[in-house]
Amino acid sequence: MNFQRPKGTNDILPGESEKWQFIEETARLLFRDYQYNEMRTPIFEHYEVISRSVGDTTDIVSKEMYDFYDKGDRHVTLRPEGTAPIVRSFVEHKLFGPEFAKPYKTFYMGPMFRYERPQKGRLRQFHQIGVEAFGSDNPATDVESMAMALDFFKQLGITQIRLVINSLGDQETRQAYRQALIDYLEPVENELSEDSKRRLHQNPLRVLDSKDKRDRKFVVDAPSILDYLSESAKKHFETVTTMLDALEIPYEIDSNMVRGLDYYTHTIFEIMSDAPKMGAQATICAGGRYDRLVEELGGPETPAFGFAMGIERILLTMEAEEVVIPALNELDAYVVGIGEATNLEALKVVQAIRNFGFSADRDVMNRKAKAQFKTADKTNAKLVLVLGEDELSNQTINVKSMADRKEKSFSLQEIYQRFDEVYDEMTTTLFE
């Protein structure tokens, strides 16, 4: 019998989960500043939603989907990425309607699933945070989204990063470039990897994304898509770079960069970590424009721009840069109960403190006073309230401020009726 977690998954334990909360809360606060609101979609979708969106020839659909037939013989899949479900929801709920603000801005966070060989930074259940903006074909939306992503990393304290951009152009660009790429690669077809041979006629742009050494040497000299941009695609990309310059956001252009999903058009970008310990998994955020996907899933023609980032990768980056996460678990009061007779009253005291909106804890293991004081110290409690059998008979409690060791006795009634004032009195004298 195997009672271990499934391969390629993680348990996120206390001590670690606080880091996740910090990342998620930072995202929520920042995205709200940019007027993005949260959307939560199901963890599984109809298979066609993903295959139509992401593209049949991508690795995700051909190799990595956790798909199965349910008891009603419906073909469903655990979601492998976040954009397709959001687009499906956008269309289904007619969020493109006149009653909704344009652009329609939303974000998501949650688990995604891909059946692939687990390695550092790549898991079978991984977690993404992503944003999508629907309805604007203005290059300013591209730039604002990239600026927001960079702003997010800055707020987390991540600094060793760089922005890399490219354009995949429009339909016209893609057709012209697709042919140029096939013409360039066909003479060396026999020397390509098996995957690239298969992709060459199905989806030649994906050959540029190959990590196989056999393919890399040909990719280096491949024609640049930027030489094949149509007039309107060229104008869009030039406006993006002009705006990035105006905001003084540094960037690099990599004309061989493609994204692993078929739905991208025009601007695509990646944010790479240059932290020395990051190794091969250096992309920590990626996204771009996808102007045809809403239509592909049955909605009206709607331009869109979005990006996604993996929480596990962000944590690796923070570790590599040795970013210190602020402590969230502050304890306002620890109640020490000495002797069995104090058990009930200690419970009443700790609950009263919590009812005033403070964080409080107590000993429930009947430990000796010394061990309880040790715990209070370890948890950095601001106040320690001591209740022994003498105090109990007098209906008092001793309150000690851990910062300046000041002590004072209060009646239990004072704790029950005005703990907020007791707390202020015992903690604010520090600054007088």
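Residues numbered from 1 in each chain as written. Predicted model: local features only at pLDDT ≥ 70, side-chain atom pairs only at ≥ 80, totals over all residues. Heavy atoms only, no water.

**Considering the packing of aromatic side chains**
For the structure shown, the criterion picks out 15 aromatic pairs. Taking 5.9 Å as the distance between ring centres and 65° as the angle between the ring planes, the aromatic pair formed by Phe90 and Phe96 counts as edge-to-face. Judged by its relative accessible area of 2%, Phe90 falls in the buried class. Put simply, the rings of Phe90, Phe96, Phe100, Tyr104, Phe134 and Tyr290 pair up and form one aromatic cluster. Over the face of the ring belonging to Tyr115 we find Arg124, whose NZ or CZ atom lies 4.0 Å from the ring centre. (Phe/Tyr/Trp six-rings, centres within 6.5 Å; stacked < 30°, edge-to-face > 60°. Buried < 20%, exposed > 50% of the residue type's maximum accessible area, 1.4 Å probe, protein only. Lys NZ or Arg CZ within 6 Å of the ring centre and 35° of its normal.)

**A short note on unusual backbone geometry**
Omega for the bond connecting Lys102 with Pro103 falls within 30 degrees of zero, at -10°, which places this linkage in the cis form. Note on placement: Pro103 falls in the loop between helix H4 (83–92) and strand E5 (104–113). Despite not being glycine, Gln395 has its phi angle at roughly 60°, a positive value. Of note, Gln395 is situated in the loop between helix H14 (389–394) and strand E15 (396–401). (Helix = DSSP H or I, 4+ residues; strand = E, 2+ residues; numbered from the N terminus.)

**Section: the UniProt feature "binding site: L-histidine" (unreviewed entry) in the chain**
Look at the UniProt record and you will see "binding site: L-histidine" (unreviewed entry) annotated at Glu81, Gly82, Thr83, Arg114, Gln128, Glu132, Arg259, Tyr263 and Tyr264. Tracing the backbone through its elements, the reader meets Arg114 in the loop between E5 and strand E6 (125–134). The exposure class assigned to Arg114 is buried, which follows from its relative accessible area of 15%. If near-sequence neighbours (up to four positions away) are discounted, Arg114 is found in contact with Ile60, Glu64, Tyr66, Pro80, Glu81, Leu123, Arg124 and Phe126. (UniProt positions renumbered as here; feature names shortened; annotations may be inferred. Contact = heavy atoms within 4.5 Å.)

**A word on the domain arrangement of the chain**
Each assigned domain of the chain is listed with its residue range as follows: domain 1 (16–170 + 230–321) and domain 2 (333–425). Inter-centroid distance (C-alpha atoms) of domain 1 to domain 2 is 49 Å. (Domains from an automatic or database assignment.)

**Looking at the nonpolar core**
In terms of nonpolar packing, the biggest core is built from 48 residues, with Val87, Phe134 and Leu185 touching the most fellow members. The element best represented in this core is H4, accounting for five residues. Not counting chain neighbours up to four residues away, the residues in contact with Phe134 comprise Ile86, Val87, Phe90, Pro103, Tyr104, Thr106, Tyr290, Val294, Thr302, Pro303 and Ala304. (Core = buried A, V, L, I, M, F, W, Y, C linked by side-chain atoms within 4.5 Å.)

**Focus: the sheet that holds strand E16 (residues 407–411)**
Ordered by their spatial adjacency, five strands build an open sheet running E13-E12-E14-E15-E16, and the pairing between neighbours is mixed. The open sheet has two edge strands, strand E13 (360–362) and E16, and neither has a second partner. Taking each pair of neighbouring strands and ignoring which way they run, the sheet shows an average axis angle of 25°. Bridging between strand E14 (residues 383–387) and E15 involves four bridges; their strand directions are antiparallel. Residue pairing for E15: Leu383 is matched across the bridge by Ser401. Against the sheet, helix H13 (residues 369–378) makes contact with strand E12 (333–337) and E14, and its axis sits at roughly 175° relative to E12, the strand it touches most. Strands E12, E14, E15 and E16 of the sheet are contacted by helix H15 (residues 412–428), whose axis makes an angle of about 155° with E16. (Pairing = 2+ DSSP bridges. Axes fitted to C-alpha atoms, helices over the stretch in contact; angles between N-to-C directions.)

**A word on the environment of Ala246**
Its place among the elements puts Ala246 in helix H9 (residues 231–246). In this structure Ala246 comes out as exposed when scored by relative accessible area, which is 61%. Sequence separation between Ala246 and Thr342 is 96 residues, and the spatial gap between their C-alpha atoms is 67 Å.

**Topic: the packing of helix H1 (residues 17–33) against helix H11 (residues 311–320)**
Running from N to C, H1 and H11 point in directions that differ by 105°, and their axes come no closer than 11 Å. The angle between H1 and H11 places the two elements in the roughly perpendicular class. Residues Lys19, Trp20, Phe22, Ile23 and Glu24 of H1 lie in contact with H11, whose contacting residues are Ile311, Glu312, Ile314, Leu315 and Met318. Grouping the amino acids of the contact of H1 with H11 by side-chain chemistry returns seven nonpolar, no polar and three charged. (Parallel < 35°, antiparallel > 145°, perpendicular 65-115°, else oblique. Nonpolar A, V, L, I, M, F, W, Y, C, P; charged D, E, K, R; others polar.)

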